[in-house]
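# Residue-level structure breakdown
Here's the letter readout for the chains.
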Amino acid sequence: MNKRLLSGIHLLQGDEACAEGAMAAGCDLFAGYPITPATEVSERLSWRLFDVGGIFVQGADELDSLTIVIGAACGGWKAMTATSGNGICLMQECIGYAAITETPCVIVDVQRAGPGTGVATKTMQGDVYQVRYGSNADYSIIALVPDSPQEMFDLTLEAFNLSEIYRVPTFILADEIVGHMREKVVIPEKVSVVERRKPKVPPKDFIPFKVNSDTDVPPMPAFGEGYRMPVSGLTHTETGSPSTSYEVQKALVERLCNKVEKKVDDLTRIETAFMEDAEVLVLSYGSTARAARRAVIRARKDGIKAGYLRLITLWPFPDPYLKRVVSEGPRAIIVPEMNVGKMVREVERAVGGKAEVISFPKPGVELHRPDEIYNLIRRVR
Amino acid sequence: MKLVHPLMKYVRPGAISTATCTGCGDGIIAQAVLRAIDELELNIDDFVFVSGIGCAGWIPSPFFNADTLHTTHGRPIAFATGVKLARPDREVVVISGDGDLAAIGGNHLIHAARRNIGMTVICANNGIYGMTGGQVAPTTPLGLKTTTTPYGNVERAFDLCALTDAAGASYVARWTTYHARGLTRSVKKALTKRGFSFIEVISQCPLQYGRRTGVGNAVAMMKGYKENSLSVKKAASLSEEELKNKIIVGELVDKDMPELTEQIEKLRRIHE
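Everything quoted here is computed from the prediction, not taken from an experiment.

### Comments concerning the interface of chain B and chain A
- Listed per partner, the contact involves 33 residues of chain B and 36 residues of chain A.
- Around 2,800 Å² of area is buried between chain B and chain A when both sides are counted, 61% of it from carbon and sulfur atoms.
- Considering only the side of chain B, the residues that lose the most area to chain A are B:Asp67, B:Phe79 and B:Arg268, jointly responsible for 19% of the buried surface there.
- Joining chain B to chain A, the criterion identifies three salt bridges.
- In this structure, B:Asp45 and A:Arg228 form a salt bridge, with 2.7 Å as the shortest nitrogen-oxygen distance.
- Joining chain B to chain A, the criterion identifies 21 residue pairs in polar contact (both at pLDDT 80 or more).
- Those elements that place two or more of their residues in the side of chain B that touches chain A are β2 (67–70), α2 (76–86), α4 (106–115) and α10 (260–271) of chain B.
- Take the side of chain B that touches chain A: its biggest share by element is seven residues, from α2(B).
- Where strand β9 (residues 230–232) of chain A lies against β2(B), three bridges are found, and the strand directions are parallel.

### Quick word on the sheet that holds strand β8 (residues 247–254) of chain B
- Taken together, the nine strands give an open sheet; going across it, the order is β9(A)-β2(B)-β1(B)-β3(B)-β4(B)-β6(B)-β5(B)-β8(B)-β7(B), and neighbouring strands pair in mixed fashion. The sheet is open, and its two edges are formed by β9 of chain A together with β7 (229–231) of chain B, each paired on a single side. Averaged over all neighbouring strand pairs, the angle between strand axes comes to 20°, with direction disregarded.
- Across the sheet, helix α4 (residues 85–101) of chain A is in contact with β9 of chain A together with β2 of chain B; its angle to β9(A) comes to roughly 145°.

### Quick word on the environment of A:Thr101
All names here are of chain A.
- With respect to the element layout, Thr101 can be found in helix α4.
- For the pair formed by Thr101 and Thr235, sequence separation is 134 residues and the distance between their alpha carbons is 9.3 Å.
- Within the structure, Thr101 has its side chain in polar contact with the side chain of Thr103 (distance 2.8 Å).

### Overview of the sheet that holds strand β7 (residues 169–175) of chain A
Residues and elements named next belong to chain A.
- Sheet architecture is open: seven strands sit in the order β3-β2-β4-β5-β7-β6-β13, paired in mixed fashion. Across the chains shown, the open sheet's two edge strands, defined by having one partner strand only, are β3 (55–58) and β13 (313–315). Strand-to-strand twist in this sheet, taken as the mean axis angle between neighbours without regard to direction, amounts to 20°.
- Here strand β6 (residues 142–144) runs beside β7; their pairing, made up of three bridges, is parallel. The residue of β7 that forms the bridge with Ile142 is Thr170.
- Strands in contact with helix α2 (residues 39–51) are β2 (29–32), β3 and β4 (79–83); relative to β2, the strand with the most contacts, it is inclined by about 150°.

### Some thoughts on the pattern of salt bridges
Residue and element names in this part refer to chain A.
- By the definition in use, this model includes 45 salt bridges over all chains.
- With a closest N to O distance of 3.9 Å, Asp265 and Arg324 form a salt bridge. Linking Asp265 in helix α9 (residues 264–267) with Arg324 in helix α11 (residues 319–327), this pair joins segments that are 59 residues apart in sequence.
- Note on Arg324: relative accessible area 43%, which makes it partly exposed.
- A salt bridge links Arg369 to Glu366; the nearest nitrogen and oxygen atoms lie 3.9 Å apart.

### Things to note about unusual backbone geometry
- At the junction of A:Thr36 and A:Pro37, the peptide bond is cis and its omega measures out at 5° in the coordinates.
- Residue position: A:Pro37 is located in the loop between β2 and α2.
- Residue A:Pro316 is bonded to the preceding A:Trp315 through a cis peptide linkage, with omega at 0°.
- A positive phi angle, close to 55°, is found at B:Glu41, a residue other than glycine.
- Among the secondary structure elements, B:Glu41 is positioned in the loop between α1 (26–39) and β1 (47–51).
- The backbone phi angle of B:Asn116 is positive, close to 50°, even though this residue is not glycine.
- Topologically, B:Asn116 is positioned in the loop between α4 and β4 (119–125).

### Remarks on the packing of aromatic side chains
Residue and element names in this part refer to chain A.
- All told, the structure shown has eight aromatic pairs over all chains when counted by the stated rule.
- Where Tyr133 meets Trp315, the ring centres are 5.8 Å apart and the plane angle is 70°; that geometry is what we call edge-to-face. With Tyr133 in helix α5 (residues 130–133) and Trp315 in strand β13, this pair connects stretches of sequence that are 182 residues apart.
- Taking the relative accessible area as the measure of exposure, Tyr133 reaches 48% and is therefore partly exposed.
- Through pairs of rings, three or more aromatic residues link up here, namely Tyr129, Tyr133, Trp315 and Phe317.

### A short note on the side chain of A:Asp15
- Tracing the backbone shows A:Asp15 in helix α1 (residues 14–25).
- Despite its burial, A:Asp15 pairs with no opposite charge; the closest candidate is A:Arg182, at 9.2 Å N-O.

### A look at α2(A)
- With 13 residues, α2(A) should cover 18 Å at 1.5 Å per step; its first-to-last C-alpha distance of 19 Å lies within 8% of that length.
- Its axis deflected by about 30° at A:Leu45, α2(A) carries its strongest bend there.
- Along α2(A), the residues that are buried comprise A:Val41, A:Ser42, A:Arg44, A:Leu45, A:Arg48, A:Leu49 and A:Phe50.
- Buried-residue contacts for α2(A) involve β1 (8–13), α1, β2, β3 and β4 of chain A together with α10 of chain B.

### Some thoughts on the environment of A:Glu346
Residue and element names in this part refer to chain A.
- In this structure, Glu346 sits in helix α12 (residues 343–351).
- Judged by its relative accessible area of 10%, Glu346 is buried.
- The sequence separation of Glu346 and Pro37 amounts to 309 residues, and the corresponding C-alpha distance is 27 Å.
- What Glu346 contacts, discounting residues up to four positions off in sequence, is Tyr133, Trp315 and Phe317.

### Describing the side chain of A:Glu20
- Positionally, A:Glu20 belongs in helix α1.
- Among residues more than four places away in sequence, those in contact with A:Glu20 are A:Arg4, A:Leu6, A:Leu12, A:Arg44, A:Arg48, A:Phe153 and A:Ile187.

### Re the packing of α1(B) against helix α6 (residues 180–192) of chain B
Residue and element names in this part refer to chain B.
- Taken N-terminus to C-terminus, the directions of α1 and α6 make an angle of 50°; their axes are 8 Å apart at the nearest point. Considered as vectors, α1 and α6 are oriented oblique to each other. Remark: the crossing between α1 and α6 carries right-handed chirality. Contact residues: α1 offers Ile28, Ile29, Ala32, Val33, Arg35, Ala36, Ile37 and Glu39, while α6 offers Ala180, Leu183, Thr184, Val187, Lys188 and Leu191.

Rules used throughout
Residues numbered from 1 in each chain as written. Chains lettered and ligands numbered in written order. Predicted model: local features only at pLDDT ≥ 70, side-chain atom pairs only at ≥ 80, totals over all residues. Heavy atoms only, no water. Contact = heavy atoms within 4.5 Å. Buried area = accessible area lost by both parts, 1.4 Å probe. Salt bridge = Lys/Arg side-chain N within 4 Å of Asp/Glu carboxyl O. Polar contact = N/O pair within 3.5 Å; in protein donor to acceptor, adjacent residues only side chain to side chain. Helix = DSSP H or I, 4+ residues; strand = E, 2+ residues; numbered from the N terminus. Pairing = 2+ DSSP bridges. Axes fitted to C-alpha atoms, helices over the stretch in contact; angles between N-to-C directions. Buried < 20%, exposed > 50% of the residue type's maximum accessible area, 1.4 Å probe, protein only. Phe/Tyr/Trp six-rings, centres within 6.5 Å; stacked < 30°, edge-to-face > 60°. Lys, Arg positive; Asp, Glu negative; His and termini not counted. Expected span 1.5 Å × (residues − 1). Bend = angle between axes of the 7 residues up to and from the residue. Parallel < 35°, antiparallel > 145°, perpendicular 65-115°, else oblique. Left-handed = near helix turned anticlockwise from the far one by under 90°.

Function-wise, these values are silent; they only describe arrangement.
Right, dumping it as structure tokens:
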């Protein structure tokens, strides 16, 4: 029996399903610090990992935790941390470090109401920029947004795979509702797991950060494999030597961004319904989408040509996809989100005036109700 | 005949220029570490060297021709913890400065000592922020005028050895750069210990400390270390008053306690 993969049908909390996704993906180490509403991920992995020979470690804080994760990843392991937005604040320096050193890691943010301590037990989608732009200067990350415990499993598994393929910090941008709700979770008999790409050449021929024409992602040996890896957060050349030259800086920063941004179509995950003849689209993500879906179904029953579009990949932002969508004719796009209206700016930028974009923000604690979204659809149509 | 430094074999090809100033103590520390490895006839490929930000962070990175991890400021011990947990068979050595390990990274230092994780931490303690131009550090002596304590430092200096001892380290030693042989001996000892080892090296920063504070150049600073230091044995018979402003050098802690990764494996066997 595969102790890592709990194949079958379960009733799981989102945070627990996230832990199972990590187990399925081959996570070797989890480091985390207790924080509401993400603590359940830690609790579950503390015994699940131990039972398969992995390691759970409780960090001295969130910064300590992500740092341990990156160290373990350099040692050749798959590693993850989970926290809430306040913990992401502390992790920011290491998010940038993981980005520049191209160290695969998965970071789960079960968002709660903020700013500051906010309301620990209530939901919000306030960290959408924090995970994208929080560390200093320029880099790219991947962020996936689950709307159910099932997706907490599916997307955590996928986050590990993407993190290994692209060598970038990959986020699960959950929220308190998704993290704490219990639903049916189906864990399949078999899952697809990506292993880290290792160099094919012997150490003497290996150039640590050199890429060839078909990929922007260099292979990554682990410490202890004889490659004498010079891993550094300093701007570095292909050989890993520190450099202050403009050319080196330009090449590195462009590659760190392009290796993700240029693959936006490959990375775009979207769920849609009623799109064919839709005149008013509701574009949402995460737990907000659950209310949006209900509102759109109700609108359709009333004969309103409403469409439903859920972003599963939040970063890189699916510009090309949205451009195609607006060219097919929706007049208006309603963007409900649990913050002051953040992703709506990305939507506005992507559609470039081809459709009216209407923000429907609620700044946390309380979810959007389906009738609120439904009423807005009626007003807009 | 071309003369080659006997430790050059451990230096990464192409890594020639250093970040250190003339007279810096970092070179002595680098040599002590490499000499210890050489004398113990260990394989450098079995090592992972982890360092932070600041001058001492450049001691192993990128110069040691081994796996090196040059990290964010203050975090090398936390990174090293991850490395050690993933690869307990590796010899993990952290080399960094006092600002890195004791100020911004102080929490990681005490927790690594508490966990007694198998790694050697070597702290180059120059008592100042050298790289940024001579600001006060938590290791700066009381009263010293620095670029951020223009009227004198009013905060007491950290005793890093007492701190790591109290936090639970298996091995603690203090040396100065004057005591290169004693330092090498202690590095050798630390490398053979199973648990958490901490070595403080009082080290000269001739520019930002020596010149700015008027203590003098590298030679004068090292002479000062020689004159002001006492062995642990000798210090034991002296009063607190007599030990004021003295540097106590030698092994301060040497005990065997359960190491973290071994404890994890033990627990695993019990539950199998």
